[in-house]
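Listed below are the residues making up each chain.
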Amino acid sequence: LSCMKYLMFLFNFFIFLGGACLLGVGIWVIVDPTGFREIVAANPLLFTGAYIMLAMGAMLFLLGFLGCCGAIRENKCLLL
């Protein structure tokens, strides 16, 4: 069961990192005035996609963090 505990932590850590990456890219797309604003200004749907990416990144970030804490502490409530 110790191996399962650390595998759960590892997979949740990868979800945490993926959420952090999505969150970072979403913030970058929204904040960067020169790089993506010209591309996003051409199609308003892409600007909505940036907010969706930001929300999904935040959700995965939180989900991965709670999963890591739940796996290490063996807390069933946090894992659910």
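About the thresholds
The numbering scheme is per chain: residues are counted from 1 as the chain's sequence reads. In view of the model being predicted, local features appear only for residues whose pLDDT reaches at least 70, and side-chain atom pairs are presented and counted only at 80 or more, with totals across whole chains, interfaces and linings using the full set of residues. Note that water and hydrogens are dropped before the side-chain values are worked out from all heavy atoms of the structure. Numbering of helices and strands starts at the N terminus; helices are DSSP runs of H or I of at least 4 residues and strands are runs of E of at least 2. With the radius of gyration taken over C-alpha atoms, the globule rule is written as 2.2 Å times the number of residues to the power 0.38. Relative accessibility decides the category of a residue: with a 1.4 Å probe and only protein chains considered, values under 20% of the type maximum give buried, values over 50% give exposed, and everything between is partly exposed. In this description, contact between two residues means that some pair of their heavy atoms is separated by no more than 4.5 Å. Under the convention used here, a 1.4 Å probe and the Shrake-Rupley method define accessible areas, while residue burial counts only the protein chains that appear. UniProt positions are given in the numbering used here, feature names are shortened, and annotations may be inferred rather than shown by experiment. Each reported salt bridge corresponds to a side-chain nitrogen of Lys or Arg within 4 Å of a carboxyl oxygen of Asp or Glu. Axis geometry follows a simple rule: fit a line to the C-alpha atoms, using only the stretch in contact for helices, then measure angles between N-to-C directions, giving values from 0 to 180 degrees. Any angle that falls under 35 degrees is termed roughly parallel, while one over 145 is termed roughly antiparallel, one within 65 to 115 roughly perpendicular, and all others oblique. Crossing handedness is defined as follows: a turn of the near helix away from the far one that is anticlockwise and smaller than a right angle gives a left-handed crossing, while the clockwise case is right-handed. Classes in brief: Ala, Val, Leu, Ile, Met, Phe, Trp, Tyr, Cys and Pro nonpolar; Asp, Glu, Lys and Arg charged; the others, Gly included, polar. Expected span of a helix: the number of residues minus one, times 1.5 Å.

Notes on the overall build of the protein chain
Part 1 of the argument: A count of helical and extended segments in the protein chain gives 4 helices and 0 strands.
Part 2 of the argument: In sequence order, the protein chain lays out its α and β elements as α-α-α-α.
Part 3 of the argument: At 16 Å, the protein chain has a C-alpha radius of gyration far larger than the 12 Å of a compact globule built from 80 residues.
Part 4 of the argument: Taking the principal axes of the C-alpha coordinates as reference, the protein chain spans close to 55 × 20 × 15 Å.
Part 5 of the argument: Counting only residues that meet the buried cut, the protein chain has 19% of its 80 residues in that class.
Part 6 of the argument: Of the contacts made within the protein chain by residues no fewer than 6 positions apart, 69% connect residues no fewer than 24 positions apart.
Part 7 of the argument: Accessible surface, the protein chain as shown: approximately 5700 Å² in total, 79% of it carbon and sulfur.

Brief notes about the UniProt feature "transmembrane region" (unreviewed entry) in the protein chain
Part 1 of the argument: As recorded in UniProt, the sites labelled "transmembrane region" (unreviewed entry) are residues 7–31 and 51–72.
Part 2 of the argument: Secondary structure across residues 7–31 divides into 100% helix and 0% strand, with the first and last C-alpha atoms of the span separated by 36 Å.
Part 3 of the argument: Counting secondary structure, residues 51–72 comes out at 100% helix and 0% strand; the distance between its end C-alpha atoms is 32 Å.

Quick look at the pattern of salt bridges
Part 1 of the argument: The final tally for this structure, using the stated rule, is 1 salt bridge.
Part 2 of the argument: When the shortest N-O distance is used, the salt bridge between Glu-74 and Lys-5 registers 3.7 Å. One end of the pair, Glu-74, is in the loop between helix H3 (44–73) and helix H4 (76–79); the other, Lys-5, is in helix H1 (residues 2–31), and 69 residues separate them in sequence.

Some remarks on the packing of H1 against H3
Part 1 of the argument: Two elements in contact, H1 and H3, have axes separated by 7 Å at closest approach and are oriented at 155°. The angle between the axes of H1 and H3 places the two elements in the roughly antiparallel class. Of the two elements, H1 crosses H3, and the hand of that crossing is left-handed.
Part 2 of the argument: Its residues assigned to classes, the contact of H1 with H3 comprises 24 nonpolar, 6 polar and 1 charged.

Comments concerning H1
Part 1 of the argument: Between the first and last C-alpha of H1 there are 43 Å, a value that for 30 residues agrees with the 44 Å anticipated at 1.5 Å per step.
Part 2 of the argument: For H1, every residue scored as buried is listed here: Asn-12, Phe-16, Gly-19, Gly-26, Val-29 and Ile-30.

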